[in-house]
Amino acid sequence: MPLWNLHCNENAYSTEDKQSFAEAITGIYASVGMPRFYVSVVFHEIPRNSLFIGGVARNDFVRISIDHIARSTLPEDRQKMLNFLNSHIDPFVKERGFEWELHIDETPRDLWTVQGMFPPPSGSEEEQRWAREN
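In this report, the structure presented in the accompanying data block is examined. (Residues numbered from 1 in each chain as written. Predicted model: local features only at pLDDT ≥ 70, side-chain atom pairs only at ≥ 80, totals over all residues. Heavy atoms only, no water.)

**Structural notes on the overall build of the protein**
Scanning the protein from terminus to terminus reveals 3 helices and 6 strands. Going from N to C terminus, the protein has its helices and strands arranged as β-α-β-β-β-β-α-β-α. Sorting the 134 residues of the protein into buried and exposed places 36% on the buried side. Sequence separation of at least 24 residues holds for 75% of the intrachain contacts in the protein that already meet a minimum separation of 6. Total accessible area on the protein is roughly 7,800 Å²; 50% of this is exposed by carbon and sulfur atoms. One way to put it: in the protein the 13 positive side-chain charges average out to a point 1 Å from where the 20 negative ones average out. (Helix = DSSP H or I, 4+ residues; strand = E, 2+ residues; numbered from the N terminus. Buried < 20%, exposed > 50% of the residue type's maximum accessible area, 1.4 Å probe, protein only. Contact = heavy atoms within 4.5 Å. Areas by Shrake-Rupley, 256 points an atom, 1.4 Å probe, with all protein chains shown as cover. Lys, Arg positive; Asp, Glu negative; His and termini not counted. Charge placed at Lys NZ, Arg CZ, Asp CG, Glu CD.)

Okay, here's the thing in structure tokens:
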């Protein structure tokens, strides 16, 4: 359901760093009862001097694009959510000296399937069962 795409320079993160970062991201959603298998994280490594911002090559930048599928955030909660997410990724960006940007796109629930099945309603007993079993 959440799909995180991280665009970063090659070698910005070791294999172990990627594992830790992906676990931290998954933990964010699992902590609010979402099944862990809903969370996907993809690292897109870009060769040095191939990521440009304002026409200038940047080798210290991480671009994070998040797709939230099937759940939307109320307008009054969006800033709080972004602050929460930024605080949880700080050890992987800010504390490593990277600059970063993130954004979230939200896709309606009726445009989502898992293995061809429509998932149970958000927060339902059936979804909680999925979370426990997977």
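**A word on the environment of R129**
Here R129 is to be found in helix α3 (residues 125-133). A polar side-chain atom of R129 sits 2.2 Å from a polar atom in the side chain of E126. (Polar contact = N/O pair within 3.5 Å; in protein donor to acceptor, adjacent residues only side chain to side chain.)

**Notes on the packing of aromatic side chains**
Two descriptors summarise a pair of aromatic rings, namely the distance from one centre to the other and the angle between the planes of the rings. All told, the structure shown has 7 aromatic pairs when counted by the stated rule. Measuring from ring centre to ring centre gives 4.3 Å for F21 and F92, while their planes differ by 5 degrees; the resulting arrangement is stacked. In this pair, F21 is assigned in helix α1 (residues 15-30) and F92 in the loop between α2 (78-89) and β6 (99-107), connecting sequence segments 71 residues apart. Grouping residues by exposure puts F21 and F92 together as buried. Ring plane angle 85 degrees and centroid distance 5.2 Å describe the contact between Y38 and W112, whose orientation is recorded as edge-to-face. Of this pair, Y38 sits in the loop between α1 and β2 (40-46) while W112 sits in the loop between β6 and α3, placing them 74 residues apart in sequence. The pair Y38 / W112 is uniform in exposure class, with both members buried. (Phe/Tyr/Trp six-rings, centres within 6.5 Å; stacked < 30°, edge-to-face > 60°.)

**Topic: the sheet that holds strand β5 (residues 61-69)**
The mixed open sheet is built from 4 strands, whose spatial order is β2-β1-β5-β6. Of all strands in the sheet, those bounded by a partner on one side alone are β2 and β6. Taking the axes of each pair of neighbouring strands and ignoring which way they run, one obtains an average angle of 15 degrees across the sheet. Across 7 bridges, strand β1 (residues 2-9) lies against β2 in parallel orientation. (Pairing = 2+ DSSP bridges. Axes fitted to C-alpha atoms, helices over the stretch in contact; angles between N-to-C directions.)

**A word on the side chain of D67**
Residue placement: D67 occurs in strand β5. Of the side chains with opposite charge, R63 comes closest to the buried, unpaired D67, at an N-O distance of 10.0 Å. Setting aside residues up to four positions removed in sequence, D67 forms contacts with M1, P2, L3, N5 and D105. (Salt bridge = Lys/Arg side-chain N within 4 Å of Asp/Glu carboxyl O.)

**A closer look at unusual backbone geometry**
Although it is not a glycine, N11 sits at a positive phi angle of roughly 70 degrees. Locating N11 in the fold gives a position in the loop between β1 and α1. Overall, N11 belongs to the exposed group, its relative accessible area being 70%. A positive phi angle, near 55 degrees, is found at Q115, a position not held by glycine. The class for Q115 is exposed, based on a relative accessible area of 74%.

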